Amino acid sequence: MVKGEESLALSEIKAGWLGWGRRGTAGAAIPMALGFEGVTQRFGSVTALSDVSLSVEPGEIVALLGQSGCGKTTLLRLAAGVERPSGGRVLLEGRDVSAPDRFVEPEHRGVGFVFQDYALFPHLTVGENVRFGLRDQSAATAEATALRALARVGLADFYGGYPHMLSGGEQQRVALARAIAPRPGVLLMDEPFSNLDRRLRDVVRDETAALLEETGATSIIVTHDPEDAMRIADRIVLMRAGQIAQIGTGEELYRRPASLFAARFFCDFTEVEGRVAGGAIDTPLGRFAAPGMPEGSDAIACIRPHRVRIVPKGYYLPARLIARRFLGEVDHLQIAVEGFERVLSVRAPLSDEIAVGDEVGVEIPSDEVLVFPAADQ
Ligand code: ATP
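Residues numbered from 1 in each chain as written. Predicted model: local features only at pLDDT ≥ 70, side-chain atom pairs only at ≥ 80, totals over all residues. Heavy atoms only, no water.

### Examining the site of the ligand
Argument step 1. Around the ligand, the structure places Phe43, Val46, Ala48, Gln67, Ser68, Gly69, Cys70, Gly71, Lys72, Thr73, Thr74 and Glu191.
Argument step 2. In this structure, an oxygen atom belonging to the ligand sits 2.7 Å away from a main-chain N or O atom of glycine 69.
Argument step 3. The separation between an oxygen atom of the ligand and a polar side-chain atom of threonine 73 is 2.6 Å.
Argument step 4. Summarising the interface, the protein chains cover 60% of the accessible area of the ligand, which totals 630 Å² for the free molecule. (Near = heavy atom within 4 Å. Polar contact = N/O pair within 3.5 Å; in protein donor to acceptor, adjacent residues only side chain to side chain. Areas by Shrake-Rupley, 256 points an atom, 1.4 Å probe, with all protein chains shown as cover.)

### Topic: the pattern of salt bridges
Argument step 1. Tallied over the full model, the rule gives 24 salt bridges.
Argument step 2. Linking arginine 201 and aspartate 228 is a salt bridge whose minimum nitrogen-to-oxygen distance equals 2.8 Å. Of this pair, arginine 201 sits in helix α6 (residues 198-215) while aspartate 228 sits in helix α7 (residues 226-232), placing them 27 residues apart in sequence. Just as arginine 201 is buried, aspartate 228 falls in that class too.
Argument step 3. Members of the salt-bridge network, linked through shared partners, are Arg201, Asp202, Arg205, Asp206, Asp225, Glu227, Asp228 and Arg231. (Salt bridge = Lys/Arg side-chain N within 4 Å of Asp/Glu carboxyl O. Helix = DSSP H or I, 4+ residues; strand = E, 2+ residues; numbered from the N terminus. Buried < 20%, exposed > 50% of the residue type's maximum accessible area, 1.4 Å probe, protein only.)

### Structural notes on the state of the cysteines
Argument step 1. One pass over the full model with this rule turns up zero disulfides.
Argument step 2. Sulfur of cysteine 267: no disulfide; nearest cysteine sulfur belongs to cysteine 302 and is 8.5 Å away.
Argument step 3. Accessibility expressed as a relative area gives 0% for cysteine 302, which makes it buried. (Disulfide = S-S within 2.5 Å.)

### Some thoughts on the domain arrangement of the protein
Argument step 1. Partitioning the protein into structural domains gives domain 1 (24-126 + 163-255) and domain 2 (267-376).
Argument step 2. Once you take the C-alpha centre of each, domain 1 and domain 2 turn out to be 38 Å apart. (Domains from an automatic or database assignment.)

### Comments concerning the pairing of strand β18 (residues 343-348)
Argument step 1. Pairing between strand β17 (residues 331-337) and β18: six bridges, direction antiparallel. Bridging from a neighbouring strand, aspartate 331 pairs with alanine 348 of β18.
Argument step 2. In textbook terms, the turn of a hairpin is the stretch between consecutive antiparallel strands, and for β17 and β18 this stretch comprises five residues, one of which, glycine 339, has a positive phi near 90°. (Pairing = 2+ DSSP bridges.)

### Overview of the environment of leucine 188
Argument step 1. Mapped onto the secondary structure, leucine 188 falls in strand β7 (residues 186-190).
Argument step 2. Between the alpha carbons of leucine 188 and leucine 327 there is a distance of 36 Å; along the sequence they are 139 residues apart.
Argument step 3. Ignoring anything within four residues of it in the chain, the contact list for leucine 188 reads Leu34, Leu76, Ala79, Ala80, Val111, Gly112, Phe113, Val114 and Ile220. (Contact = heavy atoms within 4.5 Å.)

### Examining the environment of proline 106
Argument step 1. Structurally, the position occupied by proline 106 is in the loop between β5 (95-96) and β6 (111-114).
Argument step 2. Taking the C-alpha atoms as reference points, proline 106 and alanine 80, separated by 26 residues in sequence, lie 5.7 Å from one another.
Argument step 3. Those residues in contact with proline 106 that sit more than four places away from it in its chain are Ala80, Gly81 and Val82.

### Overview of the nonpolar core
Argument step 1. Val130, Leu150, Val174 and Ile236 are the most contacted members of the largest nonpolar core, which has 46 residues in total.
Argument step 2. Looking at this core, the element that brings in the most residues is helix α5 (residues 168-180), giving six residues.
Argument step 3. Discounting residues that sit within four places of it in the chain, leucine 150 has contacts with Val126, Gly127, Val130, Leu155, Ala156, Tyr159, Val174 and Ala177.
Argument step 4. Val39, Val56, Cys70 and Leu76 belong to the second-largest nonpolar core, a separate cluster that totals 28 residues. (Core = buried A, V, L, I, M, F, W, Y, C linked by side-chain atoms within 4.5 Å.)

### Description of the sheet that holds strand β2 (residues 46-56)
Argument step 1. Spatial strand order, β2-β1-β4-β5: four strands in an open sheet with antiparallel pairing. Of all strands in the sheet, those with a lone pairing partner are β2 and β5, marking the two edges.
Argument step 2. Where strand β1 (residues 34-43) lies against strand β4 (residues 87-92), five bridges are found, and the strand directions are antiparallel. Counted as the bridge partner of phenylalanine 36 is valine 90 from β4.
Argument step 3. Helix-sheet contacts for helix α2 (residues 72-80) involve β1, β2 and β4, and the interaxial angle to β1 is about 120°. (Axes fitted to C-alpha atoms, helices over the stretch in contact; angles between N-to-C directions.)

What follows is the structure in C-alpha cells.
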C-alpha cells in the first residue's frame, strides 16, 4: 500500500487503543539538509560503502533499503557521527562535519538516532533515558520536555519505570521519544520496526510516519522491507553492495526498476529467459519487447504474478492448474504452461468452477512485462 493510503482516522483510532498519544503534539524541529559526497567506508579489507553520494532535502523522509550487509547502517552511523568516513564528506546544512580537522562529534550535530535494538540504558528510568539528550536544559524544563515526548508516544505514565518493565513495542516508543525530545533537525532510525510483530508493526509504522511529519525533521530510515519503505518514505534509496542501485519514489522503483536487482527487490516475478531478436525476446510465455538491448544478447523477462489472467481453455496460452492456495482476497496459483518447463506463479481470484488439474488459458499482457539484460544480475 502506498504511503497515506490507509484511512488515517482508522489508524489513529487503532493507535489510541494501543496506547499512543494524540497526534499533532510532538514539538516541531528545524529540519536540516543532509548530504553525502563520494563517501567511502572501509573496515580492514571490507569496503562497506563505495563512493556514495546522496542529498536529502530538509524535511524529507528517505528510506535506505537493501539486503543485509549492503552498508545501510554504516551510512546512518556516518550521518550520526559515530563513525568517521575513510573518504568523502558528510554535510549538514552544506557544512562538512566529517573532515578530520573539523569533525563534529555526535552530540553536537543536532541529530537524533533510534538504534535497532533501541539501546535504552537499563539502569536509568524511562524518564532519565529520555532526558539523556536534554542535559543542556534546566531540570524542570528537561522533565517537562521528556514528559511531553513520552506523552506523544503514550507512555507518560511509565516515566519512573525501568526499560525491562516494558514490552519491545513500548521500548521502541521510548527510544523514539528520546530521539525526538531534543527536537533534532535530522532523525536517523535503524530498522525501527524489525523487532515488532505484524499487527503492532502496522500501527507503529503509521504512528512513526505521523510523528515524523509532525516534527518535520529530515529523516532517514533503514529497512530491508520494501513495504516499510514505500509506506513511510518520500524517496527510497535502494542499496546494493555498498553502492546506490537506484533512487526514486516507491512507485518509480516498483513500476520502473532500473535493473533486474531492483525489480526482484520489489516483486516475486516468474522469470523467463530469451535471446533478443528484432528488438524483442521470444519465450514460451510470449514475445516481449526488449527496447535498446543488443541483438543476440541474453535477456530475462519478468512477469508479475498478479498481472497474469486465467481465462477459459482455448484462449491465449494452453496451460493447466497444478496447485491452488487460498490467500483471502486472491488465490496463489501454480500453473504449468505448455512449453515452459518451470511453474508460472499467479496471484488472482479464481472461480470455484476451476479445479486443480483442469486445463485453462493464460493471458500475459506483454506491456506489463519487464525485460532486463541477463548480464545485469
Ligand atoms: P544489516 O541490515 O544486516 O544491518 P547493513 O546493510 O546495515 O546490514 P552494515 O552494517 O552497514 O550493513 O555493514 C556493511 C558491511 O560492513 C558488512 O559487510 C559488515 O560486516 C561490515 N561492517 C560494518 N561495520 C563494521 C565494523 N565496525 N567492523 C568491520 N566490519 C564492519
